[in-house]
Amino acid sequence: PRGPPHSASAGKIMAAAAGTAPGPASDAAIAEPKSTMLTTEAPQIIEHCQLSITYSPTDIRWVPSSARFVAIGEKPRGTGALQVYELDGGKAKLVHECEKPAAFKCATFGASLVEDRHLATGDYNGGLSVWDLNRTDAPVFAAPKAHSQIINCVDGCGGLGIGGGAPEIATCSRDGCVRIWDPRVPDPVVSLEPADGETARDCWTVAFGNSYSDAERCVLAGYDNGDVKLFDLRTNTLRWETNCGNGVVNVEFDRKDIEMNKIVATTLESRFRVFDARTLHPTEGFAFKEERAHKSTIWRARHLPQNRDLFATTGGNGGLNLYRYSYPSKRTFKDEEGHYRGVAGGGELLNNR
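What counts, and at which threshold
Residues numbered from 1 in each chain as written. Predicted model: local features only at pLDDT ≥ 70, side-chain atom pairs only at ≥ 80, totals over all residues. Heavy atoms only, no water. Pairing = 2+ DSSP bridges. Helix = DSSP H or I, 4+ residues; strand = E, 2+ residues; numbered from the N terminus. Axes fitted to C-alpha atoms, helices over the stretch in contact; angles between N-to-C directions. Buried < 20%, exposed > 50% of the residue type's maximum accessible area, 1.4 Å probe, protein only.

Caption draft 1: How the structure looks around the sheet that holds strand E11 (residues 141-143). Ordered in space as E8-E9-E10-E11, the four strands form an open sheet in which the pairing is antiparallel. Two strands bound the open sheet, and with one partner strand each, they are strand E8 (104-108) and E11. With direction set aside, neighbouring strand axes in the sheet form an average angle of 25°. Pairing of strand E10 (residues 128-132) with E11 involves three bridges; the strand directions are antiparallel. Across the sheet, the residue bridging to Ser129 is Ala142, located in E11.

Pasting the structure below:
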């Protein structure tokens with residue numbers, strides 16, 4: 001395969017919306033979340049529309065401050081597909097499309113100004129490009145050899161009014177490298193690479209966080225062997241690492257522009273972990289709770305922008321789960337050695353589809 005398996009093997013896009021929503025756990029707790037709410041009382045997940053397309057979609061993003069979304073993917077002949085849709089009368093209308101030589105794998109608007117709405121994409125050839133969706137004949141920024149192999153994930157920060165500091169793009173690849181890009185310069189400003197003699201692990205996911213000031217910013221990376229690593233970009237150091245037991249498919253902070261609060265990491269084998277990222281113990285790291293869902297790979301976890309305690313997961317079984325995070329009564333306690341340890345909360349399953 002040319003990267004981690006696609007989260008969608010058939011050509012379908014579904015747009016959905018969630019309605020308004022009406023004790024301490026051990027670090028290694030594993031639970032199958034169960035809804036405690038009646039179906040009629042739970043937030044409803046309403047399907048707006050469903051589309052059949054002629055390619056395998058690999059990523060879909062809402063265009064900021066609009067009723068449009070962009071879908072990217074791979075056509076059967078290995079080329080890249082990019083389509084822009086607009087919601088009109090409850091239906092999605094195709095307003096723009098283009099085809100590029102390299103298949104697209106991932107995308108983000110996170111480093112763009114709201115008025116520009118520039119889309120950053122990573123492709124199967126290891127190239128990073130930034131596109132103006134009004135003129136897609138040529139990218140406004142391109143690094144054709146950003147990585148030596150497929151770019152599995154991109155994330156952005158500093159754009160859209162979210163996060164302090166300059167707009168930056170993070171990329172990760174099968175070559176084991178995590179790189180930080182400033183679109184104003186052609187070369188990466190930071191390159192986090194395997195040490196000499198160390199086997200390069202396939203890095204599947206990357207996410208920005210802790211960007212609450214112009215000086216502070218961290219990047220989180222997940223790998224095929226289950227490793228999760230937190231890099232501090234201010235000090236250029238590895239701040240924390242752990243292993244989730246299975247390949248880490250997706251990681252996300254609940255919000256990028258605050259001091260680290262929570263992290264969700266989803267994995268193969270139907271598991272995800274929620275970490276309390278406020279308290280870092282010197283030996284035990286962040287407290288977490290592990291839960292099972294979907295009975296298959298959990299491809300994504302996404303937090304609701306208006307409420308960081310609500311998040312959704314998507315699974316290889318075609319399911320969409322909506323959760324609410326509940327904080328413990330006390331988030332820290334002091335252990336026998338005098339160090340503070342975090343206490344993880346739990347995720348309540350509100351609805352699924």
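What follows picks up the thread again.
Caption draft 2: Representation of the sheet that holds strand E16 (residues 203-209) in the model. Across the sheet, four strands lie side by side as E16-E17-E18-E19; this open sheet has antiparallel pairing. Of all strands in the sheet, those with a lone pairing partner are E16 and strand E19 (237-243), marking the two edges. Within the sheet, the average angular offset between the axes of one strand and its neighbour, ignoring direction, is 20°. As judged from the six bridges shared by E16 and strand E17 (residues 218-223), these two strands associate in the antiparallel manner. Its bridge partner being in E17, Val206 is matched across the sheet by Ala221.

Caption draft 3: Representation of the pairing of strand E18 (residues 227-232) in the model. Burial runs high along E18: six of the six residues are buried. Alternating residues of E18 divide into Asp227, Lys229 and Phe231 and Val228, Leu230 and Asp232, and every residue in both groups is buried. Here E17 runs beside E18; their pairing, made up of five bridges, is antiparallel. Directly across from Val219, in E18, lies its bridge partner Phe231. Connecting the antiparallel pair E17 and E18 is a turn made up of three residues, with Gly226 showing a positive phi of about 95°. Here E18 runs beside E19; their pairing, made up of six bridges, is antiparallel. In the sheet register, Asp232 faces E19, and the bridge partner there is Thr237. Between E18 and E19, which follow one another and run antiparallel, lie four residues, and Asn236 among them has a positive phi close to 55°.

Caption draft 4: Structural view of unusual backbone geometry. A positive phi angle is found at Arg117, which is not glycine, with a value near 55°. Structurally, Arg117 can be placed in the loop between E8 and strand E9 (118-123). The phi dihedral of Lys295 is positive, around 55°, even though this residue is not glycine. Its place among the elements puts Lys295 in the loop between strand E23 (285-292) and strand E24 (298-304). Relative accessible area serves as the criterion here: at 81%, Lys295 is assigned to the exposed category.

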